[in-house]
Structure formats: C-alpha cells, structure tokens
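Here is how the chains run, residue by residue.
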Amino acid sequence: MPDVVQRGLEDVVALESKICFIDGHKGRLIYRGYDIRELAEHSTFEETAYLLWYGRLPTGPQLADLTHRLAALRTLPPRVVELVDRMPADSNPMDVLRTAVSALAIFEPGELRPGPSSIGGAQRLTAVLPTILGQFHRRRAGLPPLEPKPSWSHAAYLLYALLDREGSALETRAIDVALILHADHELNASTFAARVTASTLSDLYSAVTSAVGTLKGPLHGGANEQVMRLLAEIDSVDRVETVIKSKLAAHERIMGFGHRVYKVEDPRATILREWSRKIGEAKHDLHYFELLRKVEEIVHREKGLYPNVDFYSGSIYALLGIPHDLFTPIFASSRIAGWTAHVLEEYDDLRLIRPTARYVGSTDLSYVDVGRRP
Ligand code: ACO
C-alpha cells in the first residue's frame, strides 16, 4: 500500500476524461478541444452544453433542436412546485435547489423519468434549474408566477426567472457568457462529487443532488456571494488597502482569489473582468469594478494571488439587479451541463471511485462496560 497521503487529493489523477482540459500554468481552459476564449466570444450556452454532452459542436438544425427541447422541458411537476412553495422565504436558495432536484426524482412524470445513463435526463435537469430558482425567488419576492417562455434561450429565461423582466441584449449576453464560462471545469469538487455518486451506479438525479450540495460551500461556488460581502464591508476604494491588509494579517482568506489548479490568472476571470467593466459602463455605475480592481491590485501585491472565476461574476449579477443569494444558484444553472456530461462519461467507463485513508487512530483498546468507564 502506498505510504503517501495526498491531502485534498491534490495532484492525484483519478480518471481519464475527454470533456475538459485545464493548463494551470498557461491559464488555458479547453472544452472538448475548444478554447474557452473562443467559446465566450462566439458561442451560446446551448451550443456549449451540446458540445459538452455530445463531444462536438452542433449543426444548425441540431442546435435549433436542442434549444427547442430545453425550452420544452422547463415545466416542473405540480408536486415539486408545491414543495418549493412551502419552503420558508428565508431558505438558502442552494438548499432549495438541492431539495427540489432530489424531489424531482420522485415526482417526475413517467415520460420524463430518465434511464440511468440518459442524455434526456441531463437535458431535463438543465432546463428545469432556472424554473426551480424562479419559482422560489418570485414567490418570496411577491413577483407574478413564471411563464415558460418557450422561445427564449436558457440565459434569457434564467434572467427573467430571477428578475421579472426581459433582459436587454447586453444583459442577456453577459449572462450567456457567464453560463458558458461556468459550464465545466474538469474534476472540481462538485463534479467529482457527482462522479463519485454516479460511480456507484446511482442515478443522475442523485449525482446532481450531491453536486449541488458540494457547490454550495464558500471554498467552491459560494465564493461569489462572499466577494460581494467583502465589497460591502470595504465600501470605498480608499479603504481597500486597510481592510485587505488587516484580513491577511489575521490569516483570513480573501474570497475570489487563489485556485487549486491555476498558478496564473484564471482565464475566466480575465473575460469576466471585461464584462464587469462593460456592464458597469452600461449602467453608469463603476463602483464595484473600481473596488474589485483595487482589491485585485492589493491582493496580488501582498500575496501574489490571482482572481478566480468567482471574483468578478457577482459584480455583473448585482448590477443586473439579481439578489446575492442567487449567485451560486446561477453557477449551478450553468455547471449542470458539465456535471451531467461527466456523469454520462462516468457511466460509459465505470469504475467505483473509492480511495483509501491512512489510519492514524488506536488499534489495541479493550472494551470497557459503560458503568465502569472513567
Ligand atoms: N486568500 C488568502 N490566502 C490564500 C487564498 C486566499 N483566497 N488562497 C490561497 N491562499 C494562500 C493560503 O493561505 C496558503 O498560504 P500559506 O502557504 O502561506 O499557508 C497558500 O495560499 C496555498 O493555499 P491552499 O489552501 O493550500 O491552496 P488550495 O489549493 O487548497 O486552495 C482554494 C484553493 C480553496 C480555492 C483557495 O485558494 C481559497 O480558499 N480561495 C478562496 C475561496 C475561493 O475563492 N474559492 C473559489 C475557487 S474557484 C471555484 O471553486 C469555482
């Protein structure tokens, strides 16, 4: 048995995959052979999801068919609507999402119930996440109920579900780009959780339930909300240096910085920085952008750390008027494409994922009756 403990499985190659490649030293991210910068420039979320699921870019009719299919799969079963409506208004939306995905496995109508390795299940779950979020958020915000908007893209529908208005072309494109950038990232913690679940031959809904719970953590998808908390605490550009330095002196982590794989700037942060500026200019409000730039400068100077995908995304969503607790659920509404692509790949090349631990506890204790224990 090997004697080396790789805490956090750092640098451990656990499986082979054809879905996503990260070059952490060159700051490159590739989906199925295509550079993320090209996809963010030219593609859409639907096209990117097709690429992740099927391994190739779609033809025009294939893309139209997928776009139509996703839109047609948006409706929730009434029992799940009822369940979401009964959740307290102050629930964490990631808890709502996790619970609703889990419940969907039970209440899904027969014709939608996917087989254990079905691409139809991947599409159904992708289509329905914005509906779950919209159903929850609109009720708690007193907004009118959702309409399915069958001709709208995933990005446009998500924006409408969270805001009750149609986004402008620029706003919708900003969300679409964010969805493309978040759609996959190799064996990140939530995707790994999904693959571990799938590797037991459990179903897609269980795998996605595991993934949603894992994404929620502030060291993973939850960091984007924490960045906005930091900006609120800092409040003005002239306080950035003092606040950041005092946090670093107290050995606090600065959310939105650092990455297990990237040793240079995360290419998604580069693209989102530009979108944060663009949306700030369009809204005549560069407050967040200026704060973020200054935080970036100080953290890089003090710790040599670069921003990750979570650093700029929240500023874009906040300027569109989206509440902070919906930022991580937006991440989920994109990463669902990657999660499900990985689960399908896992089913195709199945090997139970079961690492081992080095035992460092006792082995020679003798049982003492409860009444005689000190
Ligand atoms: N702020 C301050 N210091 C940091 C940060 C940070 N954000 N990230 C890493 N460091 C420091 C650590 O304190 C450590 O310093 P030390 O060697 O002096 O003790 C060193 O950098 C290495 O840190 P590790 O924890 O070993 O790096 P790891 O690969 O485990 O961490 C992680 C990666 C969890 C993302 C980390 O950088 C972090 O906590 N970042 C903040 C949370 C965050 O933004 N998460 C989103 C990541 S992207 C995503 O999941 C979608």
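Residues numbered from 1 in each chain as written. Predicted model: local features only at pLDDT ≥ 70, side-chain atom pairs only at ≥ 80, totals over all residues. Heavy atoms only, no water.

With that settled, consider the packing of aromatic side chains. Per the stated rule, a full pass over the model turns up 7 aromatic pairs. Arranged with centres 6.2 Å apart and planes meeting at 45°, the rings of Y157 and Y160 form a pair that is tilted. One end of the pair is Y157 and the other is Y160, both in helix α7 (residues 154-163) and 3 residues apart, which spans about a single turn. On the basis of relative accessible area, Y160 is assigned to the buried category, the value being 5%. An angle of 85° between the planes, with centres 4.9 Å apart, marks the rings of F311 and Y312 as edge-to-face. On the accessibility criterion, F311 (1% relative accessible area) is buried. Within the aromatic cluster, the residues linked to one another by ring pairs are F257, F289, F311 and Y312. One Lys or Arg, K149, reaches over the ring of Y160 and ends 4.9 Å from the middle of that ring. (Phe/Tyr/Trp six-rings, centres within 6.5 Å; stacked < 30°, edge-to-face > 60°. Helix = DSSP H or I, 4+ residues; strand = E, 2+ residues; numbered from the N terminus. Buried < 20%, exposed > 50% of the residue type's maximum accessible area, 1.4 Å probe, protein only. Lys NZ or Arg CZ within 6 Å of the ring centre and 35° of its normal.)

To continue, consider the site of the ligand. Inspection of the region around the ligand gives 19 residues, with H220, R253, I254, G256 and R260 positioned closest. Within the backbone of G256, a nitrogen or oxygen atom sits 2.8 Å from an oxygen atom of the ligand. Expressed as a share of its isolated accessible area of 910 Å², the protein-covered part of the ligand is 68%. For the shell around the ligand, the residue count by class is 9 nonpolar, 5 polar and 5 charged. For the shell around the ligand, the domains that each give at least three residues are domain 1 (20-220 + 323-348) and domain 2 (223-320). (Near = heavy atom within 4 Å. Polar contact = N/O pair within 3.5 Å; in protein donor to acceptor, adjacent residues only side chain to side chain. Areas by Shrake-Rupley, 256 points an atom, 1.4 Å probe, with all protein chains shown as cover. Nonpolar A, V, L, I, M, F, W, Y, C, P; charged D, E, K, R; others polar. Domains from an automatic or database assignment.)

For the rest of this paragraph, the subject is the environment of T126. Inspection of the secondary structure assignment puts T126 in helix α6 (residues 119-140). Given a relative accessible area of 0%, T126 falls into the buried group. Sequence separation between T126 and I175 is 49 residues, and the spatial gap between their C-alpha atoms is 15 Å. Residues within four places of T126 in sequence aside, it is in contact with F45, W53, L70, H154, I336 and A337. (Contact = heavy atoms within 4.5 Å.)

Summed over all chains, the structure comprises 28 salt bridges. Measuring nitrogen to oxygen at the nearest pair gives 2.7 Å for the salt bridge that ties R195 to E345. Of the two residues, R195 sits in helix α9 (residues 189-198) while E345 sits in helix α16 (residues 327-348), which places them 150 residues apart along the sequence. The same class applies to R195 and to E345, which are both buried. (Salt bridge = Lys/Arg side-chain N within 4 Å of Asp/Glu carboxyl O.)

Moving on to the packing of α7 against helix α8 (residues 169-182). Orientation of α7 relative to α8, taken along the N-to-C sense of each, is 110°, at an axis distance of 8 Å. Relative to α8, α7 is oriented roughly perpendicular. As for how α7 packs across α8, the hand of that crossing is right-handed. Contact with α7, carried on its side by H154, A155, A156, L158 and L159, involves E171, T172, I175, D176 and L179 of α8 and no other residues of that element. (Axes fitted to C-alpha atoms, helices over the stretch in contact; angles between N-to-C directions. Parallel < 35°, antiparallel > 145°, perpendicular 65-115°, else oblique. Left-handed = near helix turned anticlockwise from the far one by under 90°.)

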